[in-house]
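Below, each chain spelled out in residue letters.
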Amino acid sequence: MSEENANASRAFRVAGLPGDGIGPEVYASACRVLAMLQDTHGLRVELSEQLIGGAAVDVTGSPLPQQTIDACRQADAALLGAVGGPKWDGLPADQRPELGLLKIRAEFSLFCNLRPIVTHPALHAFSPLRPERLQGVDLMIVRELTGGSYFGKKWRDADQAEDVCRYTAPEIERVTRAAGRIAQQRDGRITLVDKANVLETSRLWREVAHRVIREEFADVRIENMYVDAASMHLLTRPADFDVLLTENLFGDILSDEASMLCGSMGLLPSASLNVDRFGLYEPVHGSAPDIAGKGIANPYAMLLSVAMMLRHSLDRPLEADALEASIHACWADGILTRDLRPDGLPTAQVTEAVCDRLRAAAAARPEP
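Residues numbered from 1 in each chain as written. Predicted model: local features only at pLDDT ≥ 70, side-chain atom pairs only at ≥ 80, totals over all residues. Heavy atoms only, no water.

## So, the sheet that holds strand 10 (residues 243–246)
Strand order in the open sheet formed by 10 strands is 2-1-3-12-11-4-5-10-8-9, and the pairing between neighbours is mixed. Of all the strands in the sheet, just strand 2 (44–49) and strand 9 (221–226) have a single pairing partner and so form its edges. Pairs of neighbouring strands in the sheet enclose a mean axial angle of 25°, with direction left out of account. Sheet topology note: the strand 3 (residues 77–82)/strand 12 (residues 279–283) ladder contains 3 bridges and is parallel. In the sheet register, L79 faces strand 12, and the bridge partner there is Y281. Sitting on the sheet, helix 5 (residues 97–107) is in contact with strand 1 (11–19), strand 3, strand 5 (138–144) and strand 12, with an inclination near 150° to strand 12. (Pairing = 2+ DSSP bridges. Helix = DSSP H or I, 4+ residues; strand = E, 2+ residues; numbered from the N terminus. Axes fitted to C-alpha atoms, helices over the stretch in contact; angles between N-to-C directions. Contact = heavy atoms within 4.5 Å.)

## Let's talk about the packing of helix 11 (residues 317–332) against helix 12 (residues 347–364)
At a minimum axis separation of 9 Å, helix 11 and helix 12 run at an interaxial angle of 120°. Classed by the angle they form, the pair helix 11 and helix 12 counts as oblique. Once helix 11 is placed against helix 12, the crossing between them reads as right-handed. Listed contacts from helix 12 to A322, L323, S326, I327, A329 and C330 of helix 11 are A353, V354, R357 and L358. Partitioning the contact of helix 11 with helix 12 into residue classes produces 8 nonpolar, 1 polar and 1 charged. (Parallel < 35°, antiparallel > 145°, perpendicular 65-115°, else oblique. Left-handed = near helix turned anticlockwise from the far one by under 90°. Nonpolar A, V, L, I, M, F, W, Y, C, P; charged D, E, K, R; others polar.)

## Structural notes on the pairing of strand 12
Among the 5 residues that make up strand 12, 5 are buried, leaving the element largely enclosed by the rest of the structure. The side-chain alternation of strand 12 yields two buried faces, one formed by G279, Y281 and P283 and the other by L280 and E282. The pairing of strand 11 (residues 269–273) with strand 12 spans 5 bridges and is classified as antiparallel. Pairing of S270 across the sheet is with E282, part of strand 12. (Buried < 20%, exposed > 50% of the residue type's maximum accessible area, 1.4 Å probe, protein only.)

## Section: the nonpolar core
One finds V142 and Y300 to be the most contacted residues of the largest nonpolar core, which totals 88 residues. A per-element tally of this core places helix 10 (residues 300–312) first, with 9 residues. The contact partners of V142, leaving out residues within four places of it in the chain, are C112, N113, L114, V175, A179, I182, V243, L244, L245 and T246. Ranked by size, the runner-up nonpolar core spans 16 residues in total, among them L64, V83, L110 and F278. (Core = buried A, V, L, I, M, F, W, Y, C linked by side-chain atoms within 4.5 Å.)

## Side note on the side chain of H120
Of note, H120 is situated in the loop between strand 4 (112–118) and strand 5. Using a relative accessible area of 17% as the deciding quantity, one classes H120 as buried. Among residues more than four places away in sequence, those in contact with H120 are H328, W331 and A332.

## Remarks on the packing of aromatic side chains
Enumeration over the complete set of coordinates arrives at 3 aromatic pairs. Ring centres of Y300 and W331 lie 5.6 Å apart, and the angle between their planes is 85°; on these two criteria the pair is classed as edge-to-face. Note that Y300 is positioned in helix 10 and W331 in helix 11, a separation of 31 residues in sequence. Owing to a relative accessible area of 6%, W331 belongs among the buried residues under this scheme. One cation-aromatic arrangement involves K195 over Y226; the distance from NZ or CZ to the ring centre is 5.5 Å. (Phe/Tyr/Trp six-rings, centres within 6.5 Å; stacked < 30°, edge-to-face > 60°. Lys NZ or Arg CZ within 6 Å of the ring centre and 35° of its normal.)

## A short note on unusual backbone geometry
Backbone geometry at R277 places phi at a positive 75°, although glycine is not the residue there. Summarising the element assignment, R277 is placed in the loop between strand 11 and strand 12. One non-glycine residue with positive phi stands out, namely A288, at about 40°. Within the secondary structure, A288 is located in the loop between strand 12 and helix 10.

Put into C-alpha cells, the structure is as follows:
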C-alpha cells in the first residue's frame, strides 16, 4: 500500500479541548463537520475530549491537567475551542485559564503560529476598510509563539515591574525556516516585522532571519518593516503582504488588527505547530462569555481551523479544500451569524449549511 493510500485509510487521533465560553459550542460544530467528512470523504477521526482552561480549573484546580497533556501526546493534533472568562479573573496567576494555553504551547514546543488572512468579496461590506482596499488580500502571518516577553522572566513590586524579552538564534532560525517553506508555496515574499531601531532582540532577528533565507531559501525575498509601519500598511495596502514574519508580542497584536480586514474575528482560524507537525488548532476569537450559551456564536473560525488541521497535521488536503469551498459557498449565499448581520442565523443552522454543501459537493463528484 502506498503512503498516500495508507494515510487515506488510517484513523487520526485528535485531542478535543472545548474549553470555556463559546468554546464548547463551536467545538460541537467542528465535531459535526468532522462526522460529515467521514460520510462524504471517508475521513476517520477519533476524538478524545479533555479539559483545559477555566473548565479544567473548576474540576482539577489546574488550567492544564496532566490527563490533557497525556491525551495530546497520543494525538496527531489538538482542536481547541477557547479559554478564559470573567468567572476566573480573581484567581491567582497559576490558576488563570489563559495559563493553560501558554503551558500547552510550551509543553509541545508549538513555536510556529499561522494565521491566514484572506478576504472574500461577499464579506467586504463587513470590514471597516473600503472594499477597494480589500481586493486580493491573501497573507499569512507567521508568529513565533514560545519566546519573547510572554515567556521571559517576570517580576514586580509596589513601584516597578519587568517583563524580559529574550530570543535565541535557534528560536529565530526554526520559525524563519517555517516562514521560508510557506513563502515557497506562495509568492516567495517575506516581510520581517520588528523594531530594530530600538530593540536589541529585533536586531538579532534581522541578522538571523536574513542569514537563514539567504543560505537556505534562495528563491525567497525578505524585506524589513518596523512594526509601527506594518500596523499602518495593514490598513492602507494589505494586499501588498504575502508572508508576514514576526516575534510573539508583535504577532499577537498585528494578527488581531488584521482580523478586521475580514470583517469579524469570528472568521479567522489559527494553527500552532511544532517540528513534528503536531498542531494546536483554534479560532482567534476567544471565549466571548457575553454570548456563551445563546447558540449564536460564529462557527466559521473553528471550521476553518479544522481545515488547517486537515492540511497541516493530518495531511488531508482534499478534505481541507472541500471544507473551505463549502464555507466560502455559504458566505456567497449570505449564510452568516449575528456578529455580521442582525438577522444572522444560529450556530447550529450555519453548521448544517456547511454540512449540506459538503454533502452536495460529494454527491456531484465523478466516480473514480
